[in-house]
Amino acid sequence: MKTFKKKVGLPPGSLIFTGKQHIEEIMIDIIDYGPDSFKELKSENIENCFPYRDAEGITWIDIKGVHDSKLISKMGEYFKIHPLVLEDILNTNQRPKMEIFDNYLFIVLKMLSYNEAENVINSEQVSMIVGSDYVISLQEKEEDVLDPLRERLRKGKGRIRKAGADYLAYAILDVIADNYFLLLEKLGEQMEDFEDRLLKGSNQETLMKLYILKRETFLLRKSIWPMREVVTQLERADSPLIMNETIPFLRDLYDHTIQIIETVETNREMTAGLIELYLSSNSNRMNEVMKVLTIIATIFIPLTFIAGIYGMNFAYMPELDWPWAYFGVLFIMLVIGAGMLFYFRRKKWF
Amino acid sequence: MKTFKKKVGLPPGSLIFTGKQHIEEIMIDIIDYGPDSFKELKSENIENCFPYRDAEGITWIDIKGVHDSKLISKMGEYFKIHPLVLEDILNTNQRPKMEIFDNYLFIVLKMLSYNEAENVINSEQVSMIVGSDYVISLQEKEEDVLDPLRERLRKGKGRIRKAGADYLAYAILDVIADNYFLLLEKLGEQMEDFEDRLLKGSNQETLMKLYILKRETFLLRKSIWPMREVVTQLERADSPLIMNETIPFLRDLYDHTIQIIETVETNREMTAGLIELYLSSNSNRMNEVMKVLTIIATIFIPLTFIAGIYGMNFAYMPELDWPWAYFGVLFIMLVIGAGMLFYFRRKKWF
Amino acid sequence: MKTFKKKVGLPPGSLIFTGKQHIEEIMIDIIDYGPDSFKELKSENIENCFPYRDAEGITWIDIKGVHDSKLISKMGEYFKIHPLVLEDILNTNQRPKMEIFDNYLFIVLKMLSYNEAENVINSEQVSMIVGSDYVISLQEKEEDVLDPLRERLRKGKGRIRKAGADYLAYAILDVIADNYFLLLEKLGEQMEDFEDRLLKGSNQETLMKLYILKRETFLLRKSIWPMREVVTQLERADSPLIMNETIPFLRDLYDHTIQIIETVETNREMTAGLIELYLSSNSNRMNEVMKVLTIIATIFIPLTFIAGIYGMNFAYMPELDWPWAYFGVLFIMLVIGAGMLFYFRRKKWF
Amino acid sequence: MKTFKKKVGLPPGSLIFTGKQHIEEIMIDIIDYGPDSFKELKSENIENCFPYRDAEGITWIDIKGVHDSKLISKMGEYFKIHPLVLEDILNTNQRPKMEIFDNYLFIVLKMLSYNEAENVINSEQVSMIVGSDYVISLQEKEEDVLDPLRERLRKGKGRIRKAGADYLAYAILDVIADNYFLLLEKLGEQMEDFEDRLLKGSNQETLMKLYILKRETFLLRKSIWPMREVVTQLERADSPLIMNETIPFLRDLYDHTIQIIETVETNREMTAGLIELYLSSNSNRMNEVMKVLTIIATIFIPLTFIAGIYGMNFAYMPELDWPWAYFGVLFIMLVIGAGMLFYFRRKKWF
Amino acid sequence: MKTFKKKVGLPPGSLIFTGKQHIEEIMIDIIDYGPDSFKELKSENIENCFPYRDAEGITWIDIKGVHDSKLISKMGEYFKIHPLVLEDILNTNQRPKMEIFDNYLFIVLKMLSYNEAENVINSEQVSMIVGSDYVISLQEKEEDVLDPLRERLRKGKGRIRKAGADYLAYAILDVIADNYFLLLEKLGEQMEDFEDRLLKGSNQETLMKLYILKRETFLLRKSIWPMREVVTQLERADSPLIMNETIPFLRDLYDHTIQIIETVETNREMTAGLIELYLSSNSNRMNEVMKVLTIIATIFIPLTFIAGIYGMNFAYMPELDWPWAYFGVLFIMLVIGAGMLFYFRRKKWF
């Protein structure tokens, strides 16, 4: 939400990029395909896409980098996109949602993936405009989880080359959902690690990591819950843009989304449980330590008192002159100390 | 979710087994029955089932082991099952659900049972394809809770031989639900054990076990809650595959499901209560110990101070030379110690 | 749920008693009445009830003891009750519910009452079959809260003798609801007791009792919540068995049910509050004690140190020979001790 | 719920007072008014009201004291009130509700006000029977928050004299709602007081008061939440007794009710927050104290040990005879003590 | 709610200001505009606005200061506003809401902004009356976040000059929503600050600030949640006052509102998490300190006991005369101390 300030008070539909620029140069991947044809080209220029809008095949325009509001504006003009939609594309803090327009659908989602190197969750906004025979997808970053999809298109595997633009949109959503599964798998492994570590001992740092894990899970929920609505709306959309044959696939995607949400919720309860376990096992361990230390002190304090008695300098202390008094006192001290130890032990205090 | 990775990016409907293989050899049990006929055979070959599809009686094909995607694919082709359904069968992390197709119903459930030997909950996915005169059930493991059902079929007891494939599907669901009851009974007993143990004392290990119990209850919920939806959808399904006479039985099953869910919820609140009780009784006990130890120290520290006074080596300390000073000081110490004890006692500090 | 095991795998509608037998001999109370007639007889034999089914008056058959599955089966046959209903009657762990059949209604409820002698809550399952001119009620135990109702029937007080079987069923439900109120009154008194006790001090035992109270409240909820559904369904039942004149009474009963549920919820929050109060007042008291003890120790440790100084045996310690050194040191110790006390006091540490 | 016992088992509609009698003599205020007429009289006799039922103006009969079941019964007979309604009037533990009958509406509410003298919340049940040209209101106690309303009627201010019985009922409800606001204002002030007190320090008594505040808020909720339903039902009631012109006023009242409920919820969360703050600030303060005390002890214990060393009576202890040993040891002690202090400080332990 | 007292018992629609007066003089900004015309004037007199009601352009009357009930009453009379609406305008504790009347809409909202200087959240009530060609907005305070809007009107930027009164109302709501975003950005930054601070250490003051943050978030929720309803009602309002072209903008505003609400909820969970983290890291740190201190004491207490032994004055203590006894004892002490340290270390107690 960081750069929101510059937009306050501007009229709605003002095209201002309000995010963090993740990529130097905007890259545009254009794929035009049909059951028997396939064409692919890369460009940095949005105008190069325009001829494909009216071409016969299905066109997939994948734009990486959304920080150039002029490019977005040009695209919007040519494809007749509503200014509020363009504004949503440029605002990378958009909440996942879907909107139905007469000649296109607008979908915004969060693409989440796990960056193993830096041990953080990568989040990036993906917008899609789904027309009758084109799909425009817009990503913030360079790394590309959509490559397997491109590969399938190239090879013509499955039904993808024969189906329409709605099926391509579904396939993109499906890849995004698959990446959610991978991410949750990673987080699940981390949680198991934590559990092992908790069993062995823990420190302040563990607490911090648990807290970070909790926050991550919380932010995950925020990205993933709205996806359910998006997929439901797609499945039920009364739009000619979505063909009947695609519905079972959307239903399947819906099932996946539910499963993802349930896994997130499970993770969430697990994290809460881990924190609870951390706190109570920590306090247990602490208590054990304090108990042992206090027992040691408690045993020696009365003994020191006895030593103190016979360290007094009174002139008349008859015991001082008894020959075996010293060893007698030592023996008494031993008895008292052992007695206390025995008593504490029997009471199961340590 | 462990082996999910290999599926990312593949087209939907790709038949890849994503689970853990629990069984060496796939076994197929085929039972063909009618009011007056009964025939049973075992096979390892899916093709042996095909003739029964069009035979006159009801056919129950029970497949144990789902790791062979080729077998599933062959079966799917012959019985005209949608590829997405076959994919769901091969994914053993499927969420329980039900889907209505024109010529069959697809049901996925979790079969849960308690393994007394290893003290763990066994979970296995059971898929069912319910056609007009056949039921295909697919299990992951060998152990078989469906045997009593087979026995009933053999003996022709009850209405099962006279009823249709939908009643057979209901009977399978009913047996699964009965096993949930058995499992919950076991967990309930464990919880009562815990309660007794807590009353007697507890340690770090108890906390760990409580935490595991909590997690088990949580995972149970995840398996059992969706079963409610499945049964409701079955009961209300507007499908010719479900006959009117079966509806009251499904309603009965629904009641059982509600009761199972309520028991799970009860267990859950009980576990939370036990953890709470564990923590507070633990902290109570700890506090009692610390209090007693601290009281001992507190009594002896001032007495040691007095002994320290008369251990000083000043040249002019008149008391040192008084004849009864030593016993006087001992007496004063006794009075102070007893006074403190009495005061602490009266204040109910121990 | 204890004896559930023997039912697993049996066909639905198998008549097996799955509860605890509370009564030696089954007793059947038969009352046949009309505006001007009243007849009452006791029997141990279900066949004695059969003539009354077709007799002119309203017949109330009250069966105490449901462990005899043969008797239930005979009754079911004669009154044409669905086998699943009979199974529910024999399963005393049934969840409260209501079902509408063509010629009768089936109602299951929990009758709860407080056993003052043993200080526990008595729970018993009450099933009812409400026909057009008969009501069959089935109870588990002998003690009978329905006696005032019988008395009203005998005396012909109120509208009960003039009304139909549905009103009798309502009257039974009303008595059960009244007993819930009595029970909640008892629990409310117990809670007030606890509060008083908490203000005076508490121990480990109080915690255990609070925990038991919490569990009781929780089980109460489980019995009482579904009653709301039952009464709503009765009120809205589109069945000729329920006459229009009875509807306002059912609405009144519904209001009572809501009030009972709200009281249970209040009790629940109260118990949670009491536990919270117990824990925090306990920890407060503990802290106070530890603080006082620590302050005593803290004051004497530095003084003991000073005494230790002058207990050293160095050859050259000039102070040792000063005439007033001893009293001076005593005075300094007094000043230090008093100063610390004063400082701690001003800081409100005790 | 205290005197409920005597009602158990009685037929519904039995007129028995089940509350606490708050008033010696029943007082009845009768006001009969129209746009141009106004008449007021007081009576102790319900029969005096009867002529006004059929008189031309709107009649408001305000009965203070509901413990006389005969009077209520007489009234009920004359005004043709359903016996279950009369029973509800006599049961002062009724849950707030509204019921629509053919010729009258029945409304039960709780009137809450703050008793500054005794520092408690006064609660009293107010029932209303709203006919086409009369309103009967029944209160438990003498103190009267409805006086301003009577004053408005006397002076003919506002639209009240011109409007019908439904507007009078609305006006009574409005005054009750206004008193809720006043009460919440009082509680809000108390909460601010508590906050200030918490910042300055707190004790066991504060905890008790917070707990009482929490319970009060909880009971408040129970009285106020159902009012929302009552007002909604009134607004939507399809009854000729409620005129169209009154609807906007009821909508306004509904807004007030929502605001009251939100304030109660805010209070509730605030109280929970205060308790949380109390507990954690208490434990913080306690920890601070313990830390300081422990630091003092920790510094002096090693020093005392050193003094103890040189208090030993060994024959061969060379240091004892060094001329500057004493001051050297004192200096070393000073260095150790200061070093520890410095170290603890740098570690920010105090 | 402070000055509510003076309103109790008054008839509804009584125009009494119940808030805090924030502004000395009421200021009225009048802007009258059309696609090609623009006129702006300031006045302190409500009568000056009247001619614009029937003028051709859209008129925006912005009244700053609502404490003058006479002015509001005059305005209400001229613009034919319902007295209950006027009452709501004068009550600055109104809950955000929207009401549809025949010839105007009434909207109440809270305008929230962050006062950087005083570090508090400014809250002010904004009411709007939206007619067919005029908008009356009423604010409590002078500072004005609506200036950018006025600027847009002056410059004729965007569609605002061409659209109707409903679009102006939307634009005002949009600016208010933008300010919510800014406020949440601020609070988010504060929360990140807190997190950093918690990692470094914390004190009682941090707890207080966290508590204040929690309360602010809570009050924020109370202001922002109802806005959702307001915008939904506007979007779905079946009123000729809202033109079809404005609907997409309202839908966009609705999306923003959802996002604001989600951010508030995130903040809320974050704050709860921070408090939890504060408490547990605090208790962790405390425990660490206590552990170290206790370990120091525990090591020296037994050593002091040994020193005490040899400080005893018994006549027959053979060790005292051994030549190397002193150094032997010192060595033994060293061994014991080092052994304990080593043991504690190995047990990972510090």
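Time to look at the overall build of chain A. Across its full length, chain A carries eight helices and seven strands. For 350 residues, the compact-globule estimate of 2.2 N^0.38 gives 20 Å, and chain A exceeds it by more than 25% at 34 Å. Here the C-alpha coordinates of chain A stretch approximately 120 × 45 × 30 Å along the principal axes. Sequence-distant contacts, at least 24 apart, represent 68% of the contacts inside chain A between residues at least 6 apart.

A few words on the interface of chain D and chain C. Frequently, the measure chosen for interface size is the accessible area that the parts lose on association. Each partner contributes residues to the interface: chain D has 41 residues there, and chain C has 50 residues. Mapped by element, the contributors of at least two residues to the side of chain D that touches chain C are α6 (204-236), α7 (247-309) and α8 (325-346) of chain D. The greatest single-element share of the side of chain D that touches chain C, amounting to 14 residues, is contributed by α7 of chain D. Of the residues that constitute the side of chain D that touches chain C, the class distribution is 25 nonpolar, nine polar and seven charged.

Moving on, we get to the sheet that holds strand β2 (residues 38-43) of chain B. All names here are of chain B. Read across the open sheet, the seven strands follow the order β2-β1-β3-β7-β6-β5-β4; overall the sheet is mixed. Across the chains shown, the open sheet's two edge strands, defined by having one partner strand only, are β2 and β4 (97-100). Each strand axis lies, on average, 15° off the axis of its neighbour in the sheet, ignoring direction. Across eleven bridges, strand β5 (residues 105-115) lies against strand β6 (residues 120-130) in antiparallel orientation. Across the sheet, the residue bridging to Phe106 is Ile129, located in β6.

Below, the discussion takes up the domain arrangement of chain A. Examined at the domain level, chain A breaks down into domain 1 (2-281) and domain 2 (285-346). For domain 1 of chain A versus domain 2 of chain A, the distance between C-alpha centres works out to 73 Å.

Let's shift gears to the interface of chain E and chain D. In this assembly, 40 residues from chain E lie in contact with 50 residues from chain D. Elements represented by at least two residues in the side of chain E that touches chain D include exactly α6 (204-236), α7 (247-309) and α8 (325-346) of chain E. Each residue belonging to the side of chain E that touches chain D can be placed in one class, and the counts come to 25 nonpolar, eight polar and seven charged.

Attention shifts here to the pairing of strand β2 (residues 38-43) of chain A. Residues and elements named next belong to chain A. When strand β1 (residues 27-33) meets β2, the two strands line up antiparallel, connected through six bridges. Residue pairing in the sheet places Asp29 in a bridge with Lys42 of β2. What sits between the antiparallel neighbours β1 and β2 is a turn of four residues.

All right, on to the pairing of strand β5 (residues 105-115) of chain D then. Residue and element names in this part refer to chain D. Here β5 lies mainly inside the structure; eight of its eleven residues are buried. Sheet analysis places strand β4 (residues 97-100) next to β5, joined by four bridges and oriented antiparallel. Paired with Glu99 across the strands is Phe106, a residue of β5. In sequence, β4 turns back onto β5 through a hairpin of four residues.

The subject of this paragraph is the relation of the copies chain E and chain D. Overlay of chain E on chain D (RMSD 0.3 Å): rotation 72°, translation along the axis 0.3 Å. In symmetry terms, the pair is related by a five-fold rotation axis. For chain E, the minimum C-alpha distance to the rotation axis belongs to Gly311 of chain E and amounts to 4.3 Å. Take the interface residues of chain E: only 15% of them recur as interface residues in chain D, which is what a contact between different surfaces looks like.

As a further point, take the relation of the copies chain D and chain C. For these two chain copies, the linking operation is a rotation about an axis paired with a shift along it. Turning chain D through 72° and shifting it by 0.2 Å along the axis lays it on chain C, with an RMSD of 0.3 Å. When the interface residues of chain D are mapped onto chain C, a mere 15% of them are again interface residues, pointing to distinct binding faces.

A few words now on the sheet that holds strand β7 (residues 134-139) of chain D. Strand pairing in a sheet relies on backbone hydrogen bonds. The paired strands run either parallel or antiparallel. All names here are of chain D. Read from one edge of the open sheet, seven strands run β2-β1-β3-β7-β6-β5-β4, paired in mixed fashion. Both edges of this open sheet fall to β2 (38-43) and β4, since each of them pairs with a single strand only. Across the sheet, the axes of successive neighbouring strands diverge by a mean angle of 15°, strand direction being ignored.

In this section: helix α6 (residues 204-236) of chain A. An α-helical turn contains 3.6 residues, so any two residues separated by three or four positions project in the same direction. For α6 of chain A, with 33 residues, the first-to-last C-alpha span of 49 Å sits near the 48 Å given by 1.5 Å per residue. Residues of α6 of chain A that are buried: Leu210, Tyr211, Leu213, Lys214, Thr217, Leu220, Ile224, Met227, Val230, Val231 and Leu234 of chain A.

Contact pair helix α7 (residues 247-309) of chain C / α7 of chain D: the axes reach a minimum separation of 9 Å and the direction vectors enclose 25°. Of the possible angle classes, the one that applies to α7 of chain C and α7 of chain D is roughly parallel. Relative to α7 of chain D, the crossing made by α7 of chain C is left-handed.

This brings us to the packing of helix α7 (residues 247-309) of chain B against helix α8 (residues 325-346) of chain B. Residue and element names in this part refer to chain B. At a minimum axis distance of 10 Å, the contact between α7 and α8 shows a crossing angle of 155°. Classified by the interaxial angle, the pair formed by α7 and α8 is roughly antiparallel. Helix-helix and strand crossings are classified by hand; for α7 and α8 the assignment is right-handed. When α7 is examined against α8, the residues Ile295, Ile299, Pro302, Leu303 and Ile306 are found in contact with a partner set consisting of Val329, Met333, Ile336, Gly337, Met340, Leu341 and Phe344. Here the residues of the contact of α7 with α8 are counted per class, giving eleven nonpolar, one polar and no charged.

Here we take up the environment of Asp178 of chain A. Take Asp178 of chain A: it is sitting in helix α5 (residues 165-200). The sequence separation of Asp178 of chain A and His256 of chain A amounts to 78 residues, and the corresponding C-alpha distance is 8.6 Å. Discounting chain neighbours no more than four positions away, the residues touching Asp178 of chain A are Val8 and Gly9 of chain B.

This part takes up unusual backbone geometry. Even without being glycine, Asn119 of chain B reaches a positive phi, approximately 60°. Position of Asn119 of chain B relative to the elements: it lies in the loop between β5 and β6.

Of the residues in chain A, 98% reach a pLDDT of 70 or more, and the chain-wide mean stands at 88. In the model output, the complex is listed with pTM 0.84 alongside ipTM 0.80.

On to the environment of Glu235 of chain B, then. Residue and element names in this part refer to chain B. Structurally, Glu235 is set in helix α6 (residues 204-236). Expressed as a C-alpha distance, the spacing of Glu235 and Ile336, which sit 101 residues apart in the sequence, is 81 Å. With near-sequence residues (within four places) excluded, Glu235 lies in contact with Ile247, Leu250, Arg251 and Tyr254.

In this fold, Glu47 of chain C is placed in the loop between β2 (38-43) and α1 (50-53). Taking C-alpha positions, Glu47 of chain C is 42 Å from Val264 of chain C, a pair spaced 217 residues apart along the chain.

The rules we used
- Residues numbered from 1 in each chain as written.
- Chains lettered and ligands numbered in written order.
- Predicted model: local features only at pLDDT ≥ 70, side-chain atom pairs only at ≥ 80, totals over all residues.
- Helix = DSSP H or I, 4+ residues; strand = E, 2+ residues; numbered from the N terminus.
- Rg over C-alpha atoms; globule rule 2.2 N^0.38 Å.
- Contact = placed C-beta atoms within 7 Å.
- Nonpolar A, V, L, I, M, F, W, Y, C, P; charged D, E, K, R; others polar.
- Pairing = 2+ DSSP bridges.
- Axes fitted to C-alpha atoms, helices over the stretch in contact; angles between N-to-C directions.
- Domains from an automatic or database assignment.
- Buried ≥ 20, exposed ≤ 12 C-beta atoms within 10 Å, placed from the backbone.
- Least-squares fit on C-alpha atoms with pLDDT ≥ 70 in both.
- Expected span 1.5 Å × (residues − 1).
- Parallel < 35°, antiparallel > 145°, perpendicular 65-115°, else oblique.
- Left-handed = near helix turned anticlockwise from the far one by under 90°.
- pLDDT = per-residue confidence, 0-100.

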